[in-house]
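Structural overview
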Amino acid sequence: MASLFDPIQIGDIALANRIVMAPLTRNRSPGAVPNTLNVTYYEQRASAGLLITEATAITHQGQGYADVPGLYSKEALDGWKKVTDAVHKAGGKVVVQMWHVGRISHTDLQPNNGKPVSSSAIRAKSKTYLVNEDGTGSFAETSEPRALELSEIPGIIEDYRKAARAAIDAGFDGVEIHAANGYLIDQFLRSDINQRTDQYGGSIENRARFLFEVVDVITKEIGAGRTGIRISPVTPANDASDPQPQPLFTYVVEGLAKYSLSYIHIIEGATGGPRDFQQGEKPFDYKALRTAYEQAGGKAAWMVNNGYDRQEAIDAVEQGRADLVAFGKPFIANPDLVERLKENAPLNTPDQATFYGGGAKGYTDYPALEQVA
Ligand SMILES: C=C(C(=O)O)c1ccccc1
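Along each chain, residue indices are assigned from 1 in the same order as the chain's sequence is written. This being a predicted model, a pLDDT of at least 70 is required before a residue's local features are given, and a value of 80 or more before pairs of side-chain atoms are given or counted; all residues contribute to the totals for chains, interfaces and linings. Side-chain numbers here rest on the full set of heavy atoms in the structure, without hydrogens or water.

With that settled, consider the environment of G225. A run of H or I in DSSP counts as a helix once it spans at least four residues, and a run of E counts as a strand once it spans at least two, with each numbered from the N terminus. Here G225 is to be found in the loop between α6 (209-222) and β11 (227-231). A residue is classified by how much of its surface remains accessible, and G225, at 8% relative accessible area, is buried. Along the chain, G225 and V175 lie 50 residues apart, while their C-alpha atoms are 9.8 Å from each other. Residue contacts are counted whenever heavy atoms from the two residues lie within 4.5 Å of one another. Discounting chain neighbours no more than four positions away, the residues touching G225 are I10, G11, D12, I13, S260 and S262. To sort residues, take the accessible area from a 1.4 Å probe on protein chains only and compare it with the maximum for the residue type: under 20% means buried, over 50% means exposed, and anything in between is partly exposed.

Relative to the elements of secondary structure, Q279 occurs in the loop between β12 (263-267) and α8 (286-295). Side chain to side chain, Q279 and R190 meet in a polar contact 3.2 Å long. From its side chain, Q279 meets the backbone nitrogen of D242 in a polar contact 3.4 Å long. Residues within four places of Q279 in sequence aside, it is in contact with R190, P233, V234, T235, P236, A240, S241, D242 and P245. Between N or O atoms, a polar contact is any pair within 3.5 Å; within protein, one atom must be a potential hydrogen donor and the other a potential acceptor, and residues adjacent in sequence are included only when both atoms are from side chains.

Here we take up the site of the ligand. In the region of the ligand, the neighbouring residues are T25, A55, Y65, W99, H178, N181, Y183 and Y356. Residue H178 places a side-chain N or O atom 2.8 Å away from an oxygen atom belonging to the ligand. Here the accessible surface of atoms and residues is derived via Shrake-Rupley with a 1.4 Å probe, and residues count as covered only by protein chains that are part of the display. Within the complex, 80% of the 300 Å² of free accessible area of the ligand lies under protein. In this count, Pro and Cys sit with the nonpolar residues alongside Ala, Val, Leu, Ile, Met, Phe, Trp and Tyr, while Asp, Glu, Lys and Arg are called charged and the others, Gly among them, polar. For the shell around the ligand, a count of residues per class yields 5 nonpolar, 3 polar and no charged. We call a residue near a molecule or strand as soon as one heavy atom of that residue lies within 4 Å of the molecule or strand.

Quick look at the pattern of salt bridges now. Salt bridges are counted wherever a side-chain nitrogen of Lys or Arg sits within 4 Å of a carboxyl oxygen of Asp or Glu. The full count for this structure, using the stated rule, is 21 salt bridges. When the shortest N-O distance is used, the salt bridge between D78 and K74 registers 2.5 Å. Note that D78 and K74 are positioned in helix α2 (residues 74-89) at a spacing of 4 residues, about one turn of the helix. Given the relative accessible area of 34%, D78 is considered partly exposed. Each member of the salt-bridge network shares a partner with another, and the members are E158, R161, R165, D169 and E221.

Take the environment of K258 next. With respect to the helices and strands, K258 occurs in the loop between α7 (245-256) and β12. On the accessibility criterion, K258 (69% relative accessible area) is exposed. Sequence spacing of K258 and Q9 is 249 residues, and the spatial spacing of their C-alpha atoms is 19 Å.

On to the sheet that holds strand β5 (residues 94-99). In space, the 8 strands of this closed barrel follow the order β3-β4-β5-β10-β11-β12-β13-β14, with parallel pairing throughout. The sheet shows a mean angle of 25° between the axes of neighbouring strands, direction not considered. When DSSP locates at least two bridges between a pair of strands, those strands are taken to pair. Here 4 bridges tie β11 to β12, and the two strands are oriented parallel to one another. Note on β12: the bridge partner recorded for R230 is H265. Simply put, an axis is a line fit to the C-alpha atoms, just over the touching stretch for a helix, and the angle between two N-to-C directions goes from 0 to 180 degrees.

A separate point is the UniProt feature "domain: NADH:flavin oxidoreductase/NADH oxidase N-terminal" (unreviewed entry) in the chain. UniProt positions are given in the numbering used here, feature names are shortened, and annotations may be inferred rather than shown by experiment. Taking the UniProt record as the reference, the feature "domain: NADH:flavin oxidoreductase/NADH oxidase N-terminal" (unreviewed entry) is found at residues 3-348. Its end C-alpha atoms 24 Å apart, residues 3-348 is made of 32% helix and 18% strand.

Here we take up the packing of aromatic side chains. Each pair of aromatic rings taken from Phe, Tyr and Trp, with Trp reduced to its six-membered ring, is defined by centres within 6.5 Å and is described as stacked if the planes are under 30 degrees apart, edge-to-face if over 60, and tilted in the remaining cases. Across all of its chains, the model carries 16 aromatic pairs by this definition. Residues F284 and Y286 carry aromatic rings whose centres are separated by 4.8 Å and whose planes lie at 55° to one another, so their mutual orientation is tilted. A single burial state applies to F284 and to Y286, both of which are buried. An aromatic cluster is defined as three or more aromatic residues linked by ring pairs; in this entry it consists of Y41, Y42, W80, F172 and Y363. It is R275 that lies over the ring of Y308; its NZ or CZ is 3.9 Å from the centre. For a lysine, the NZ atom is tested; for an arginine, the CZ atom; a charge sits over a ring if that atom is within 6 Å of the ring centre and within 35 degrees of the ring normal.

Turning to helix α9 (residues 310-318), its buried residues number three or more, namely A313, I314, A316 and V317. The arc that holds the buried residues of α9, viewed along the axis, is 165°, so those residues lie on one side. Lining the buried residues of α9 we find β14 (324-327). For α9, the N-terminal cap is D309; the gap from its side-chain oxygen to the backbone nitrogen of Q311 is 3.1 Å. Looking at the residues trailing α9, positive phi occurs at G320, about 75°. Starting at the helix axis, one direction is taken to each C-beta atom, and the arc is that of these directions.

What is meant by a nonpolar core is a set of buried Ala, Val, Leu, Ile, Met, Phe, Trp, Tyr and Cys residues, joined one to another through side-chain atoms within 4.5 Å. By size, the foremost hydrophobic cluster in this structure holds 86 residues, and its most contacted members are M98, Y160, F210, L211, I218 and L256. Here the element with the most residues in this core is α6; it accounts for 8 residues. If near-sequence neighbours (up to four positions away) are discounted, F210 is found in contact with I153, I156, I157, Y160, L184, I185, F188 and Y200. Core analysis: the second largest hydrophobic core is formed by 14 residues, I10, L50, V95 and Y263 among them.

Following this line, the structure appears as structure tokens:
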């Protein structure tokens, strides 16, 4: 019987334990360039079995929030190299979450202040984060997108390939494809967003086509054993919805089973909300999803996320419902979360007011156990 604290091999990546730092947007990389503060933040948390970086834009067009990092400029890649070096020196493993926001963006953040792109020209009822001229941050309504032309799609697939190669060259142990939370890939998957009438719209097969073209090009470029993917079958995040998530995501995982991926990362329920959140007529069956994946030949590690506490995480692994558990907010406030979970020690409380934007306060100043006199 496996334990949360056991090592595990996930594809090409060997982990010291099964506790994962979930991707956490923190808006502390001005100019989309990782900086020394970011290095300290990730280094402090390197005892995690696996660090998944904050969502990181594959291109300027894929950028949707102020001060999030990118994977597309030399300065950014040099900055990430400092992060991966520091994490490795501290004995950790780190993958970068590759992000194209699609319509969850604002004209202020887009190349030439153009419209964000999506599967269809439907504005999301959502907000994004901008930094004002005086340096203060604020949330703003997302802008109306334009539908991608068919001729533009191969270019975005190539952007994913280039970013995946750049990630490995910057020292990452692998990548996580961000296919969750109503961002671009999810904007193709969900039928309430994707109104296309070409080969990328309509049937489940067509709506999943973009996802599999991304998976294909990345696994061919860097290897499936260094590739993970995050999906969120029923999240309403960023105005995402689909009335029939079970057949949609069953098709997705059966297709993913064809690749020997490193892991499949599932956000259960509403992102940051209840794990039993429901879209469609009946509750989503996560056990059936994993069974479908495994019956289709899938062997990747199964990572679960969304509000798990210590006992729930221990039980999920010991009872075989998960191979790994990703923690978000607990890692914000506890750089030594692994130690604290092992010792069943008290946890620092995260300060919501400093989640997004700012500097060291609420970022690198949370104390580890040995610092608490
Ligand atoms: C990348 C994000 C996601 O996946 O939800 C995100 C973006 C902004 C704030 C919180 C989270």
